[in-house]
Amino acid sequence: MLKSKLSAWFAVWMALLTAAFYRWPDMHMVWWGAIGLSSTTGVVVGVLVHRPNRRWPWFLLATALACFGLGDLLYNVQTDVLGLDNPFPSAPDGLYLAMYPLVAGGLLGFIRARTGRNNRDSLLDAATLTIGLALLSWIFLIDPYVRNTELTLWQKMVSIAYPLGDVLTLAVFARLVTGGVRRTGSINLLGLGTAGLLITDVVYGLIQLNGDWHVGGPTDLGWVVCYGAWAAAALHPSMRELTEPTRSVNTDLGGRRIALLGAASLIAPGVTLVEASVGTVRDAAVIAVSSGVMFVLVLTRLAGVMGVHRQSLARERELREATTTLVSAADPAEALSAVRTALDRLLPADTPHTVAVVRVDVEAELPAPGLVRVAGLAPDVRAELHEYSSTLRHPLGVTSDTLYLAAPTEALQALQPTFEVLASQAAMALERIALTAEVNRRNSEAYFRTLIHNTSDVILIVDDNDVIQYASPSAGTVFGDERIAGYELWEFIAHDERPRLAEALGQVRSGLHSHDVIDVRAERVDGSALVVEADCRDLRDDTTVGGLVLTVRDVTERRRMEEQLIRQAFHDALTGLANRVLFQDRVEQAVVSAGRHGSLVGVLFIDLDDFKIVNDTLGHAVGDELLRSVARRITGELRPSDTVARLGGDEFAALIEADSMSDLELAAERITLALAEPFAVAGESVNGISSIGLSTTVDASSAEQLMRQADLALYVAKGAGKGRWRRYQSELHTAVLERLELRAALDQAVKEHQFVLQYQPIVDLETGVPLGFEALVRWNHPTRGMIAPGHFIEVAEESGLIVPMGRMVLQQALSTAARWQRSTAPGALRYMSVNVSARQFRTPGFVEEVRQLLHSSGVEPGTLLLEITESLLLRNDDQVRADLEALRAMGIRLAIDDFGTGYSSLSYLQHMPIDVLKIDKSFVDDMLSSTQQRAVVTAIVQLAQTFNLSVVAEGVEEAGQREALQEIGCPYGQGYLFARPLSEPDAFALIPKTAPFAAMA
């Protein structure tokens, strides 16, 4: 009680001394000395009574007051005893000036103890305020001393030193109060004393400049306030907090702080305005420097505000992540791990720190949270945190644990608010985990009791005679009646399953197995069958049970679904055949068996040749039905012991165990012939011609090798033509490799532009006059010479190289046409025909590419005739139709090449923009010897005339063929009869140089 009233009693004592000082001025020396001695004594007494953590800042303050009082005593001796009239400067001035650095040192000690040394924001704010007030000090105190000609140099220096000391004191105290610390009674008293000192010094300086100063005036009251307030600050109980580390409160730019800093910043322009209004601005340099420094300080302060904002956002993000982890934590270890991780991330990088969780005695009082000294903690905690002087702590609630974070004091002060929030969240998470565990513990018994009564599993207790002693209520759901206790277990088990279940129960009773799980077929009360899974455990030694415990679960539907899933996993959903996985497994087993017994095994790979066309023209529904029909037909040609599989798409396979190679070859021949017969699908006659590759264990030693060889044989079969089968032979492998080498060489040929064009004329059959030329590509191989397209076009189509190759052919043909047109009379060259593959035509941007090539070559669009295949027109493709119409709109003419060899249809002749039909050479070859072929050619010509289309017969090699074509009305043709494909110069020689060609009708 006495400690809390010391500052109040001291204030009364100082008031009495002050009253005596002014009441009996003749004894002012005594009273003033008592005031100075009392203030110094008061600080010392406060330190001894309250025992702060750090004493030296207070002793510096006491020393400053002692210097102040001793200076006053010497000054009074000089004036009152020695009779000197206002001696200046003198020895007392040295004591007065010594007071300022001592006060500054004491205040800096408070700053370092409370808020550390790195609070840059408060330092900047204090500097801004100090510079503004220092400018006023310069204008009204320092500069007049500097300009006073009546003062000596020594007098000027001492006079200037007083306001400089005031500025120093102001700067340090402003740093203390702007550091974001909580205001206490001791700080307020220190501020009061500092204000009294500064105000009195300013008044004293002005009096010294403008008049005479004497002891006993009202000015002395300010120094009395300084004496008394500083001593009262030391006597106040809150003086201990000035040397304790504390959490920094909000140092953001609040309204009052902004107003104060704004006012300080306006001092310089205000002084300039005042001086300018009364005359010349005398202190422009000082004002400019002050303004510049304050401008830099303001910018630095704003940068600091942005940095603090970013740091706050980062800490909020880390807190959110930590909170999310804490909410999902299932046990205390996981929660504390989340807290440690969050603290590691919240502290600045590379900051040394220690996190400790200390268990508190249940009967002891939980420690208060906050920033504390490590030296004041319990010995076990000090031993763990001995590397640091300060630590943050926070109790963790119901767990009786306390969380400690030890680190450098400055880092702890900045992190304290965030630490408290995180610790509170951790305490809540730990409390939730503890409460959940307690609730689970209390509810477990009721939970399991309810579970037994409501579970779908049946709990049966069976005695040594296999009589059911207890059945859970779910027995009614599984067995049709829950009242089965008292019956023998065997009454509910299928007869053929009883021996197996009896053996399992005997093993459990004998101890061979602690428990056993078995699937058995059971019977309900009404006689219906089901499949149950029985888990048997021996609890005969448990007095609460006293028997075998059978957990019975109805798995009838599950087993049915498992069987269905197994079938789906190993069988094709569309055809019901084995799938690739099952087929490969069967092949592996067959190869192993063949190696062990010396038997012969063969694998057939079957691929439908034109399945894509069926899908594209008739739809996927018809395609699926065709696949099912193919599966049935393949299966019908083989034995039940053989395995037929669908590998995917239109690919099938068959595994055959045979006695001889001829049996395997006959099987391949039978399947080929069977699939060659058309299929009746959805009212349509659909072609199912297939290619087959056969491999045997004669050439293969493993399942993988056997299937790979069958695939190679299939590759060769498809290359030989449609509807064929081939058996793998060693030379086939070489042929496939040659084909792959051809593909690689073809790719290089495209890159190196090794292709050249030859030109075959299209003539009027009646006159033999050329109407145009068809550009035919040839491969000018570096070593093999000129290669015809039949040797590489198929590979180019497969690899996609046909697209860049076709682009080169079109560009070269147009360039040739442009040269010929420039070298002949106008209209002499009317047509240049170029083949376009379906793949090239469907390439995005093909129409625009043709447009650009025409434009760059300068050839008129009507000169170009593009030949396309029927396969491009089979699908009712809107994009193909649009591209064809776009080409026609440009003036380009379109022809169908090899007409009659594909799925010819009247529909596309009606709806597609076609100009010319080219009859395939195969029809022309036999038209003289076959009346049927002649009739086909006649029908094509008549069909073209009906649709107003031109007709060109390809492959005319005999004069009789020419005459026959003329007789049936075919007007145009091309072939060896007229000219073989020619080089560019030879073809150019056939073009009339004066008379234009006749137009193709």
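Calculation notes
Residues numbered from 1 in each chain as written. Predicted model: local features only at pLDDT ≥ 70, side-chain atom pairs only at ≥ 80, totals over all residues. Heavy atoms only, no water. Helix = DSSP H or I, 4+ residues; strand = E, 2+ residues; numbered from the N terminus. Contact = heavy atoms within 4.5 Å. Areas by Shrake-Rupley, 256 points an atom, 1.4 Å probe, with all protein chains shown as cover. Buried < 20%, exposed > 50% of the residue type's maximum accessible area, 1.4 Å probe, protein only. 1 Å grid on protein atoms, 1.4 Å probe; cavity = no way out; pocket = protein on both sides within 12 Å on 5 of 7 lines; lining within 4 Å. Points joined across faces, edges and corners; volume = space filled by probe spheres on them. Phe/Tyr/Trp six-rings, centres within 6.5 Å; stacked < 30°, edge-to-face > 60°. Expected span 1.5 Å × (residues − 1). Salt bridge = Lys/Arg side-chain N within 4 Å of Asp/Glu carboxyl O. Pairing = 2+ DSSP bridges. Axes fitted to C-alpha atoms, helices over the stretch in contact; angles between N-to-C directions. Right-handed = clockwise from strand over helix to strand, strands pointing away. Core = buried A, V, L, I, M, F, W, Y, C linked by side-chain atoms within 4.5 Å. Parallel < 35°, antiparallel > 145°, perpendicular 65-115°, else oblique. Nonpolar A, V, L, I, M, F, W, Y, C, P; charged D, E, K, R; others polar.

1. A word on the overall build of the chain
Each helix and strand counted, the chain has 33 helices and 25 strands in total. When contacts within the chain are restricted to residue pairs at least 6 apart in sequence, long-range pairs at least 24 apart make up 67% of them. Counting every atom, the chain has about 48600 Å² of accessible surface; 57% of that belongs to carbon and sulfur.

2. Some thoughts on the environment of Gly891
Position of Gly891 relative to the elements: it lies in the loop between helix H28 (878-890) and strand E22 (893-899). Classification of Gly891 as partly exposed rests on a relative accessible area of 32%. Between the alpha carbons of Gly891 and Glu860 there is a distance of 8.3 Å; along the sequence they are 31 residues apart. What Gly891 contacts, discounting residues up to four positions off in sequence, is Pro861 and Gly862.

3. Brief notes about empty space enclosed by the protein
Within the structure shown, the criterion is met by three cavities of 30 Å³ or more. Put simply, the second largest cavity is a space of about 60 Å³. Leu460, Phe479, Leu489, Phe492, Ile493, Leu501, Val520, Val532, Ala534, Leu550 and Val552 together form the lining of the second largest cavity. Those elements that place two or more of their residues in the lining of the second largest cavity are strand E8 (529-539) and strand E9 (547-554).

4. Some details on the packing of aromatic side chains
The full count for this structure, using the stated rule, is nine aromatic pairs. Taking 5.3 Å as the distance between ring centres and 65° as the angle between the ring planes, the aromatic pair formed by Phe773 and Trp820 counts as edge-to-face. With Phe773 in strand E18 (residues 770-781) and Trp820 in helix H25 (residues 802-823), this residue pair connects regions lying 47 residues apart in the sequence. Given a relative accessible area of 2%, Trp820 falls into the buried group. Joined through ring pairs, the aromatic side chains of Tyr759, Phe773, Trp820 and Phe988 make up one cluster.

5. Here we look at helix H18 (residues 580-597)
Compared with the 26 Å implied by 1.5 Å per residue over 18 residues, the 25 Å span of H18 between its first and last C-alpha is a close match. Here H18 has its buried residues at Leu582, Phe583, Val587, Ala590, Val591 and Ala594. Remark: Gly598 follows H18 within two positions and exhibits a positive phi of approximately 75°.

6. As for the pattern of salt bridges
The final tally for this structure, using the stated rule, is 30 salt bridges. For the salt bridge of Asp554 with Arg524, the shortest nitrogen-to-oxygen distance reads 3.6 Å. Taken as a pair, Asp554 in strand E9 and Arg524 in the loop between strand E7 (515-523) and E8 lie far apart in primary sequence, 30 residues in all. On the basis of relative accessibility, which here comes to 34%, the residue Asp554 falls in the partly exposed class. Several salt bridges converge on common partners, so that one network encompasses Asp496, Glu497, Arg500 and Arg521.

7. With respect to the pairing of E22
Every regular strand shows the same layout, with side chains that alternate between the two sheet faces. With respect to burial, E22 is a largely interior element, six of its seven residues being buried. Sheet topology places E22 next to strand E23 (residues 916-919); three bridges connect them, and they run parallel. Of the residues in E23, the one forming a bridge with Ile896 is Leu917.

8. Looking at the sheet that holds strand E1 (residues 354-359)
Sheet architecture is open: four strands sit in the order E1-E4-E3-E2, paired in antiparallel fashion. Strand pairing shows two members of the sheet lacking a second neighbour, E1 and strand E2 (370-373), which therefore form its edges. Mean inter-strand twist for the sheet, computed between neighbouring axes without regard to direction, equals 30°. Inspection of the sheet shows E2 paired to strand E3 (residues 390-395) by four bridges, in the antiparallel sense. Paired with Val372 across the strands is Thr391, a residue of E3.

9. What to know about the pairing of strand E15 (residues 690-696)
Of all seven residues in E15, seven are buried; the element is thus mostly enclosed. Of the two faces of E15, the one carrying Ser690, Ile692, Leu694 and Thr696 and the one carrying Ser691, Gly693 and Ser695 are both buried. Pairing geometry for strand E10 (residues 600-608) and E15, over seven bridges, is antiparallel. Following the sheet pairing, Leu604 is matched in E15 by Leu694. When E15 meets strand E16 (residues 725-727), the two strands line up parallel, connected through three bridges. The residue of E16 that forms the bridge with Gly693 is Arg726. In this region the chain leaves E15, passes through helix H22 (residues 703-720) and returns to the parallel neighbour E16; the handedness of that crossover is left-handed.

10. Observations regarding the nonpolar core
Membership of the largest hydrophobic core comes to 78 residues, with the highest contact counts inside it found for Phe755 and Leu887. The dominant element in this core, judged by the number of residues it contributes, is H25, at eleven residues. Residues within four places of Phe755 in sequence aside, it is in contact with Leu746, Ala749, Val750, Val777, Arg778, Trp779, Phe792, Met805, Met808 and Gln812. In this structure, Trp31, Val43, Ile187 and Trp230 belong to the second largest nonpolar core, which totals 46 residues.

11. Comments concerning the environment of Ser730
With respect to the helices and strands, Ser730 occurs in helix H23 (residues 730-752). Ser730 sits in the exposed class, given a relative accessible area of 54%. Considering only alpha carbons, one finds Ser730 and Asp699, 31 residues apart in sequence, at a separation of 8.1 Å.

12. Points about unusual backbone geometry
One non-glycine residue, Asp466, lies in positive phi territory at about 65°. If you trace the backbone, Asp466 turns up in the loop between strand E5 (458-462) and strand E6 (468-471). For Asp466, a relative accessible area of 13% gives the class buried. Backbone geometry at Asp898 places phi at a positive 55°, although glycine is not the residue there. With respect to the helices, strands and loops of the structure, Asp898 is situated in strand E22. Judged by its relative accessible area of 28%, Asp898 is partly exposed.

13. Concerning the sheet that holds E16
Read across the open sheet, the five strands follow the order E11-E12-E10-E15-E16; overall the sheet is mixed. The open sheet is flanked by strand E11 (643-648) and E16, the only strands paired with a single partner. Sheet twist, expressed as the average angle between the axes of neighbouring strands with direction ignored, equals 20°. Across eight bridges, the pairing between E10 and strand E12 (residues 651-658) is antiparallel. Bridging from a neighbouring strand, Ile606 pairs with Phe652 of E12.

14. Re the packing of helix H19 (residues 611-618) against helix H20 (residues 620-636)
H20 packs onto H19 with a crossing angle of 140° between their chain directions and a minimal axis gap of 7 Å. Comparing their axes, H20 and H19 come out oblique. On the side of H19, the interface is formed by Phe611, Val614, Asn615 and Leu618, while H20 contributes His620, Val622, Gly623, Leu626 and Leu627. Grouping the amino acids of the contact of H19 with H20 by side-chain chemistry returns six nonpolar, three polar and no charged.

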